[in-house]
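# Residue-level structure breakdown
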Amino acid sequence: MKSYFAALGIMACSFTVNAQNAPKKFIDPANMDLTVKPGDDFYQYASGTWIKNNPVPAKETRWGSFNELREFNAQAVKGLVETAVADKSAPAGSVTKRVGDFYAAAMDSITIEKLGYTPIKAELEKLKQINDLQGILSHANYMRTNGIGGALFGFGIGQDRKNVNKYMVNISQGGTTLSDRDYYLNNDSRSVKIRDAYHTYITTLFKLIGYSATVAEQKSRTIFDIEKALSEAQMTRLEMRDPYKTYNKLTIAELNKLTPNINWTNTLTQLKVNGQDTVLVNSTSFFRSLDNLLTSTSVANWKTYLEWNILKSAAGNLSSPFVKANFAFTQAQTGQKVQTPRWQTMSSLTDRTIGELLGQLYVDKYFKPEAKARMDVMIENLRKAFEIRIKGLEWMSDETKQKALEKLYAFTPKVGYTTKWRNYDGLVINRGTYLQNLINASKWAYNENVNQLGKPVDRERFGMTPPTVNASYSPTMNSITFPAGILQFPFFHPDADDALNYGGIGAVIGHEMSHGFDDSGSQYDKDGNLKNWWTAEDRKKFEERTKQLGEQFDSYTVLDTIHVNGKFTMGENIGDLGGLNAAYTAFKMTKQGQSDEKIDGFTPDQRFFLAWAQVWRGNILPDNAAQLIKTDTHSPGPYRTIGAPVNMDAWYKAFDVQPGDKLYKKPEDRIRLW
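Residues numbered from 1 in each chain as written. Predicted model: local features only at pLDDT ≥ 70, side-chain atom pairs only at ≥ 80, totals over all residues. Heavy atoms only, no water.

## Considerations on helix α21 (residues 570-587)
Since one α-helical turn is 3.6 residues long, residues separated by three or four positions face the same way. The terminal C-alpha atoms of α21, which comprises 18 residues, lie 25 Å apart, in line with the 26 Å expected from a rise of 1.5 Å per residue. Most of α21 is tucked away: 18 of the 18 residues are buried. (Helix = DSSP H or I, 4+ residues; strand = E, 2+ residues; numbered from the N terminus. Expected span 1.5 Å × (residues − 1). Buried < 20%, exposed > 50% of the residue type's maximum accessible area, 1.4 Å probe, protein only.)

## Points about the side chain of Thr 246
Relative to the assigned elements, Thr 246 resides in the loop between α9 (213-233) and β5 (248-251). The exposure class assigned to Thr 246 is buried, which follows from its relative accessible area of 6%. Sequence-distant contacts of Thr 246, that is, excluding residues within four places in its chain, are made with Arg 161, Met 235, Glu 239, Met 240, Val 281 and Asn 282. (Contact = heavy atoms within 4.5 Å.)

## Considerations on unusual backbone geometry
Leave glycine aside and you will find that most residues have negative phi; peptide bonds, for their part, are mostly trans. The step from Phe 489 to Pro 490 runs through a cis peptide bond, and the omega angle for that step is 15 degrees. With respect to the secondary-structure elements, Pro 490 resides in the loop between β9 (479-483) and α19 (498-515). The phi angle at Asp 560 is positive, at roughly 50 degrees, despite the residue not being glycine. Looking at the element boundaries, Asp 560 is found in the loop between β10 (557-559) and β11 (562-563). Even without glycine at this site, Asp 600 takes up a positive phi of about 55 degrees. If you trace the backbone, Asp 600 turns up in the loop between α21 and α22 (604-615). Residue Asp 600 is classed as partly exposed on the basis of its relative accessible area of 37%.

## A look at the packing of helix α8 (residues 189-208) against helix α14 (residues 320-334)
It is at 9 Å that the axes of α8 and α14 come closest, and there the two elements cross at 175 degrees. In terms of orientation, α8 lies roughly antiparallel with respect to α14. Of the residues in α14, those in contact with Arg 190, Lys 193, Ile 194, Ala 197, Tyr 198, Tyr 201, Thr 204, Leu 205 and Leu 208 of α8 are Pro 321, Phe 322, Ala 325, Asn 326, Phe 329, Ala 332 and Gln 333. (Axes fitted to C-alpha atoms, helices over the stretch in contact; angles between N-to-C directions. Parallel < 35°, antiparallel > 145°, perpendicular 65-115°, else oblique.)

## Some thoughts on the pattern of salt bridges
Taken as a whole, this structure holds 32 salt bridges when the rule is applied. Linking Arg 461 and Asp 458 is a salt bridge whose minimum nitrogen-to-oxygen distance equals 3.9 Å. Residue Arg 461 is classed as partly exposed on the basis of its relative accessible area, which comes to 26%. For Asp 458, a relative accessible area of 18% puts it in the buried group. (Salt bridge = Lys/Arg side-chain N within 4 Å of Asp/Glu carboxyl O.)

## Details of the sheet that holds strand β3 (residues 154-160)
An order of β3-β4-β6-β5 is seen for the four strands of this open sheet, with the pairing classed as mixed. Whereas interior strands pair on both sides, the edge strands pair on one side only; in this sheet they are β3 and β5. Each neighbouring strand pair of the sheet contributes to a mean axis angle of 40 degrees, computed without reference to strand direction. In this structure, β5 lies alongside strand β6 (residues 278-281), joined through four bridges in antiparallel fashion. Paired with Lys 249 across the strands is Leu 280, a residue of β6. (Pairing = 2+ DSSP bridges.)

## Quick look at the pairing of β9
Most of β9 is tucked away: five of the five residues are buried. Judged by which residues are buried, β9 turns out to be covered on both faces: Ser 479, Thr 481 and Pro 483 on one side and Ile 480 and Phe 482 on the other are all buried. Judged from the five bridges that link them, strand β7 (residues 412-416) and β9 form a sheet pairing that is parallel. Residue pairing for β9: Gly 416 is matched across the bridge by Pro 483. The sheet contact formed by strand β8 (residues 472-474) and β9 spans three bridges and is antiparallel. Bridging from a neighbouring strand, Ser 474 pairs with Ser 479 of β9.

## Let's talk about empty space enclosed by the protein
Estimated volume of the largest cavity: approximately 40 Å³. Taken together, Ile 27, Asp 28, Asn 31, Met 32, Ala 46, Leu 610, Gln 614 and Arg 617 form the lining of the largest cavity. Of the residues belonging to the lining of the largest cavity, the class tally is four nonpolar, two polar and two charged. Looking at the second largest cavity, the residues that line it are Leu 137, Ala 140, Asn 141, Leu 152, Phe 153, Ile 262 and Thr 267. If you tally residues by element for the lining of the second largest cavity, the top one is helix α6 (residues 133-145), at three residues. When grouped by side-chain class, the residues that make up the lining of the second largest cavity number five nonpolar, two polar and no charged. (1 Å grid on protein atoms, 1.4 Å probe; cavity = no way out; pocket = protein on both sides within 12 Å on 5 of 7 lines; lining within 4 Å. Points joined across faces, edges and corners; volume = space filled by probe spheres on them. Nonpolar A, V, L, I, M, F, W, Y, C, P; charged D, E, K, R; others polar.)

Here it is as structure tokens:
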């Protein structure tokens, strides 16, 4: 699933916003730096004063428009969960009662402190009974199915990318803790610093459960050696973006041959999967290496590895010494100065864990039916704009255009919230057992996922909870999703002019549509199947243009010698370029788009591009910026601000950008994709 943010019309959507939160000016010159020429630094021109006046708060790792909106939604969720906790009359089993019980348990720090690591003691004890490799593998399967953490590899049920009406077992590379394989393998100062922090984190947690410093040090080295070996076997994040390279359909017999030390017939049974003769594997080389590692590593060391997987999965939810150690490790990676307030962490956790219960409360209070109706109209306007643009492509043949249009017409939009709530039947939530609630929820989610096998593909699944500030595209569903949480300023406001709403939420809609036609999404057909629909010549022309876009983003410097990775961020950069172009085409169909009437001193076209720019304004801590360059497929905000506009003739005209300006690109060098 492609998302609008890190991890994203003629009519606008209507969202209920408290009057005191409504901005007085949608494009406020006081936030800009008018001493800078827009053609030299459009990011600074559009947002310079705001950036100067809004440093990253101590509890955050970055701060921008997204974060402001997320803060607003966090406060909204806080009100909902606290009201649910206080509702003594809520009947057993009701949405309010279950949400209230979950949040109350999460906020019961007195009980959590008293328990220490008692909630995982029994699971740690079970490891002592293991005495051979088969015991290791069986126990790893037990941990996965019982909500205690997945080890060794990734596992889940998903669509068959070449037959999307069928669910299949998907097995993937994994088994590591650090956010990218490079942190195990590279010797630059940042990678070394993170490895040192990881070593400290591991040893601290083992000492907290009673091991001596010497033993804890030994265990840390053991765990790192295993995870480093696993990381060496993993494909890079860039390689993982190739949908064909990661599509390997194997029979169980073929998989058993690939990994002689793992009996997959037994493994799948232990993982509650029956009756499957084939599976999808995203990296055969990883599993070949894993198989070798299983026998070259002692059983004792594998027990330590499983011990670590139990410990790390629980650490952030145990008593304060564990939580502090967990935060210290986070701090080393991101630079965050103080822990996020407990209420905010637990509100967010409630949303992540039982989001479709909490979501029902959120929608009842904050989202109105007319919002969806107006958003539906906006999506159709963007679809019309995209159609116009596809038909006008000079580089694409009529044959491929027809296939592209068929895919565009087949997009399924999902707006606001799901039409089919999950009520988590059978999930036990108790006010006095916080960690157990999380384990129960993880176990419930695993069972729900596995039970999809053999059933029709659920195309109504929303994939995001209502308070989420994001948007997404699913290539296998060929669907675009816009949760309620993003339908607010600066993306949209019911009282704003079309320029604001088109430069904001209109560009979001266009961005998600463009994902269906980016370097990866364009390899899926209108039904969501991984299947070529291009002529060879058109594909070549498309790739020539994407290569130019990659080179443009490669030239952007983030920190010191760290550059944006144009290939890694390609899908999102295409999404921005295609999305902003489509939004502009749709905007020009409106009355305002066809006028020259200024508002607050800015023309309609200037307001459109300024609306886009203010979405991306923000500050970020250097450590977090360096981490995201490796792990996030989105380019940094400053370069999302300028990356698309510098390829659009309308931007040059709107701000009178001329040769000699730093951002100027010759007309023949401007990249034109969708």
